[in-house]
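# Working through the structure, step by step
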Amino acid sequence: MAVNIFKDELQHARLFGKPVLTTNWLIPRETVPDGWFCYDMRGTERDPAAHAELVDYTSYDHSGTVLSPKPLKRPATKARRIGKGDYFLHGEAMDLEAFCEEYGLEVPDNPIKFEMRPAAPEEAALFYALPPEQDEELGTIGHVRIDFGRNGGEFWHTWWPRGPEGLNTPEFKEELGQVVEQLRRGVLKDFSSMLRLCHISGGEISGGSCCQNYGFVLETERYRYCLRCNPVRGDYQAYLHDQFVR
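The rules behind each value
- Residues numbered from 1 in each chain as written.
- Predicted model: local features only at pLDDT ≥ 70, side-chain atom pairs only at ≥ 80, totals over all residues.
- Heavy atoms only, no water.
- Salt bridge = Lys/Arg side-chain N within 4 Å of Asp/Glu carboxyl O.
- Helix = DSSP H or I, 4+ residues; strand = E, 2+ residues; numbered from the N terminus.
- Buried < 20%, exposed > 50% of the residue type's maximum accessible area, 1.4 Å probe, protein only.
- Expected span 1.5 Å × (residues − 1).
- Arc of directions from axis to C-beta.
- Contact = heavy atoms within 4.5 Å.

### Here's the deal with the pattern of salt bridges
Taken as a whole, this structure holds nine salt bridges when the rule is applied. Note that D40 is salt-bridged to R196, the shortest N-O span being 2.8 Å. Taken as a pair, D40 in strand β3 (residues 37-42) and R196 in helix α4 (residues 191-201) lie far apart in primary sequence, 156 residues in all. Both residues of the pair, D40 and R196, belong to the buried class. Ionic pairing is found between R162 and D135, a salt bridge with its closest N-O pair at 2.7 Å. Of this pair, R162 sits in the loop between β10 (156-161) and α3 (170-183) while D135 sits in helix α2 (residues 132-138), and the two are 27 residues apart along the sequence. A single salt-bridge network, built from bridges that share partners, covers R29, D40 and R196.

Structure below.
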């Protein structure tokens, strides 16, 4: 489960002597404001719920997530040990605005312009190439094909038109660029980020030929963007299908 840091309350805490907000759940990294820092806390094999280490991300023994206006470890440090007395809960829930007011901070802007949700199983067909007549009925404009390269940290992409050229307007191109820019903050940041989101956010859809595929839907006033994630190395790992909503 993930929390919305701009709507949900988190726990007011202190870590390494600095005020922070924490939660037992996950904070999607794309929602973290510029200039703020987000980390995972990790337990031990004997006690997975313990707050033993602070790391950038963890895929196992996740015991909490930390949001901080200040860095809590050096970027090159893979894990910082959380010792006895380093982590203290104040015992009160607090939202981001109240936290900023408490410490005299400017409330940051929400970097997320477009809301994204996991796909429902019955929407699976929207995430694959369809016969021309069905594409026309759905208002399909085209799709972006994406892979992260051999090391998982690149971003190669190509555009495939699938509908009338008249729908590929400057307005659409501008919004598509904004959508991709937002996705690059999170699910499309790199292969590891995509794999992590797929495993925690649901959105399983049928149709994958070699592995489980995952779908995410992002809808705006005039367009619908359907992101299909194919989390396997050595193949194209994502397809962003774009449709004009009449």
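Anyway, onward from the coordinates.
### Section: α3
Helix length check: α3 (14 residues) gives 20 Å between terminal C-alpha atoms against 20 Å at 1.5 Å per residue, within 8%. Inspection of α3 places F172, E175, L176, V179, V180, Q182 and L183 among the buried residues, and these make up the whole buried set. Summarising the axial view, the buried residues of α3 lie within an arc of 155°, below the 170-degree limit, and thus occupy one face. Seen from the open side of α3, the exposed residues pointing more than 90 degrees away from its buried face are P170, E174 and E181. In the core, the buried residues of α3 are packed alongside β8 (116-118), β9 (140-147), β10, β12 (213-219), β13 (223-229) and β14 (238-244).

No statement about biological role is implied by the geometric values presented.
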